[in-house]
Amino acid sequence: MAKRFQSVRGFNDVLPPDTALWQQLHAVAARSFAAYGYGEIRLPLLEHTSLFARSIGEVTDIVEKEMFSFQDREGDSLTLRPEGTASCVRAGLEHGLLHNQQQRLWYAGPMFRHERPQAGRYRQFHQLGAEAYGMAGPDIDLEIIALSARLLRGLGIGGVRLELNSLGTAETRERYRAALVAFLERHADALDAESQRRLHRNPLRVLDSKSPQTQDVLREAPTIVDALDADSRAHFEALQQGLADLGIAFTVNPRLVRGLDYYSRTVFEWITDQLGAQGTVLAGGRYDGLVEQLGGSPTPAVGWACGVERLILLMKSQGGVTPESGAHVYLCALGDEAGRAARRLAEQWRDTWPQLRLIVNAGGGKLAAQLKRADRSGAQLALILGEAELADRSIQVKSLRADASGAASPPQQTLAWAELPARLGGLLES
RNA sequence: GUGACCGUAGCUCAGUCGGUAGAGUCCCAGAUUGUGAUUCUGGUUGUCGCGGGUUCGAGCCCCGUCGGUCACCCCA
C-alpha cells in the first residue's frame, strides 16, 4: 500500500457533522452584518510581505516569526495573510473606497500563522471581521461593538464578557510608554524573565503578562487611562455611555493592550474562560493611523475580528441547537425497472419541493440492506418502490422513527403517487 | 520556538514480568427470496506512527524522528 498523506500540521479538515455548524455560523453572521448595512468584501489570501510588516508592526511576534512567507518565481516575497485588516485597507485604497467617504465592510476567510497548534489555535484558522472607515466618533465604535454583541447573541453564545480600554492617540501612547518604561526599569528585578525582555522591545505588552509576580509589580504602575489626552478621554467616556444606553455590559481593563501596533484609542475583547488558554473570542479596536501609514489620506477606522474555530468550540460546548442537515426521505427501489422510475420520480419531487432532502438508494442491494442504509441516513421516512408498486403507481411509506412529538411511529402505508405531495409537504413543515 | 503527556484494526480502546496481535464497534453475508432500528451465526480488517539500537526474542526497554493533545509564548 502506498504511503498515505497527512494534512499539513495545524491545517484541519472540517467534516460533515461540523460543517453544518459552520454554515449556521456564516448564516447568522451574514444576517448580523446585513442588519447594520455592512457590505462583504472578498480579499486574496496572498499579499506582498511588506504590507503586513508595515501594518502589523515589525517587532510583533506575528511578523517576526509567525508568517508563512515565501518567494515566488519572480523573487518577490509573498505571505499568506496572518490577519484581514491590512488586506482590507490595501484593497480599500487600491479601489478608491476610502478617500473622503464612509465605508462599512465585512470579510470572512482563512488566516495563517505559523504557531504551535493547541486548543483553539491552528496554523490555518478562520476569521470573520468587520471594518468601518471614515468615521471618527465614538458612535461608530459603539455600533461595531453592538454588531459583535448581536453576532454572539445570535449564535447562542453565552458566558463571554466584554473588556474595554483606550490606548489614546499615538502621542499619548508614546508619552505613556515612556512613563511605563521608567516605572518598569525601577522594578526590573521583580519582573519575570519574559517581561524583562519585552521591557524595551514592546513595553505595553508587559501589561498583560500572565506572571503573578509581574502583575504584583504592575499594581503600582501608571495606567494608560490616566495618561489619556482630553479628546481621547471624552471619546472613551462617550463610548461607555453609549454601551450603557444599549444595555451592553462591559468592564474597563486598563491592562488591556492589543498585540498589533496599529491600534489607537478604543480597544476591546470578548473573552471566555471556557476555552483553556485561548480566551479571546473576538477582539478589535480603532486604528486611525493605519490608512495613512499605508499611503492613503488620513482616515479614521475601527474594526474587529473573531476566531471562527473558537466560536464553533463554544457553540458545541454550550450545546446550541445543532442544525438539522440529514435527509428527510430515503427512497428504496427494488429491481432495474423500479430503479429507473425512482430516479425519475425523485427529480420531479426535487423540482416540486426545493427544500426537500431526498436520498435515492444507489448500488442496489436487497430491501433489508436498503432499509438499513435508510435508517443510517437519519431520514424520517423510507419510501419503497418495488415492481408491485410500480405497476399500480403507488409507493410504500414507512416511518423510521418517532416524530418530533414523540408519538409512536405510524404504521406503514401504501399511497398513490398522487397522494404523496400532502404527506411530504407535512414533513417539510416540521 | 520551549516543555509535559500520548501514538496498537476505519472508530473507541485492552495488551500482565520482554515470549504466537486482542476486544467492542463499524462494515459484509446468512437466519428472513420485499422490511431498518432489537436478537443470533459466520466473515473481512494490522508496516503496533516511522527509523535505528539492546536482546535468542521487542507492541513493551533505549536513542532519534514525525504526528497528536495540553500548557508556555502569542493571538482570533
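Residues numbered from 1 in each chain as written. Chains lettered and ligands numbered in written order. Predicted model: local features only at pLDDT ≥ 70, side-chain atom pairs only at ≥ 80, totals over all residues. Heavy atoms only, no water.

An unreviewed UniProt entry annotates chain A as Histidine--tRNA ligase originating from Sinimarinibacterium flocculans. What UniProt records for chain A under Subunit (unreviewed entry) is the sentence "Homodimer." According to the UniProt record, the Sequence similarities (unreviewed entry) comment for chain A reads "Belongs to the class-II aminoacyl-tRNA synthetase family." (UniProt positions renumbered as here; feature names shortened; annotations may be inferred.)

Explain the UniProt feature "binding site: L-histidine" (unreviewed entry) in chain A to me, using residue names and the numbers behind them.
Residues annotated in UniProt with the feature "binding site: L-histidine" (unreviewed entry) correspond here to Glu 83, Gly 84, Thr 85, Arg 113, Gln 127, Glu 131, Arg 258, Tyr 262 and Tyr 263. Looking at the secondary structure, you find Glu 83 in the loop between strand E4 (77-80) and helix H4 (85-94). Judged by relative accessible area, which is 4%, Glu 83 ranks as buried. Aside from chain neighbours lying at most four places away, what touches Glu 83 is Phe 52, Ile 56, Met 111, Arg 113, Gln 127, Leu 260 and Tyr 262. A distance of 2.9 Å separates a polar side-chain atom of Glu 83 from the backbone nitrogen of Ala 86. Looking at the element boundaries, Tyr 262 is found in the loop between strand E8 (251-252) and strand E9 (264-272). Not counting chain neighbours up to four residues away, the residues in contact with Tyr 262 comprise Ser 55, Ile 56, Glu 83, Thr 85, Arg 286, Tyr 287 and Leu 290. Polar side-chain contacts of Tyr 262 include one of 2.6 Å to the side chain of Glu 83. (Helix = DSSP H or I, 4+ residues; strand = E, 2+ residues; numbered from the N terminus. Buried < 20%, exposed > 50% of the residue type's maximum accessible area, 1.4 Å probe, protein only. Contact = heavy atoms within 4.5 Å. Polar contact = N/O pair within 3.5 Å; in protein donor to acceptor, adjacent residues only side chain to side chain.)

Pulling in residues and values, what's your account of unusual backbone geometry?
Positive phi values are uncommon outside glycine, yet Arg 265 reaches one of about 50 degrees. Its location among the elements puts Arg 265 in strand E9. Phi is positive for Arg 393, which is not a glycine, with a value near 50 degrees. Take Arg 393: it is sitting in the loop between helix H15 (387-391) and strand E15 (394-399).

How would you sum up the protein's contact with RNA strand B? Please name residues and give values.
Taken together, 49 residues sit near RNA strand B, with Arg 198, Arg 205, Arg 258, Arg 376 and Leu 400 positioned nearest. Here the atoms of RNA strand B within 4 Å of the protein split so that 55% fall in sugar or phosphate, with bases taking the remainder. Contact between RNA strand B and Ala 283: a sugar or linking oxygen at 3.4 Å from a main-chain N or O atom of the residue. Taking Gln 412, its side chain carries an N or O atom lying 3.0 Å from a base nitrogen of RNA strand B. Taken together, the elements giving at least two residues each to the surface near RNA strand B come down to strand E6 (124-133), helix H7 (193-201), strand E10 (280-286), strand E11 (301-307), helix H14 (367-376), H15 and E15. Among the elements that make up the surface near RNA strand B, the one with the highest residue count is H14 (6 residues). Looking at the surface near RNA strand B, its residues break down into 16 nonpolar, 13 polar and 20 charged. (Near = heavy atom within 4 Å. Nonpolar A, V, L, I, M, F, W, Y, C, P; charged D, E, K, R; others polar.)

Describe the sheet that holds E4, with residues and values.
Strand order in the open sheet formed by 3 strands is E2-E4-E3, with antiparallel pairing between adjacent strands. Bordering the open sheet on either side are strand E2 (46-48) and strand E3 (68-71), each of which pairs with just one other strand. Along the sheet, successive strands turn relative to each other by an average axial angle of 35 degrees, direction set aside. The strands that helix H2 (residues 49-56) touches are E2, E3 and E4; relative to E2, the one it contacts most, it runs at about 75 degrees. (Pairing = 2+ DSSP bridges. Axes fitted to C-alpha atoms, helices over the stretch in contact; angles between N-to-C directions.)

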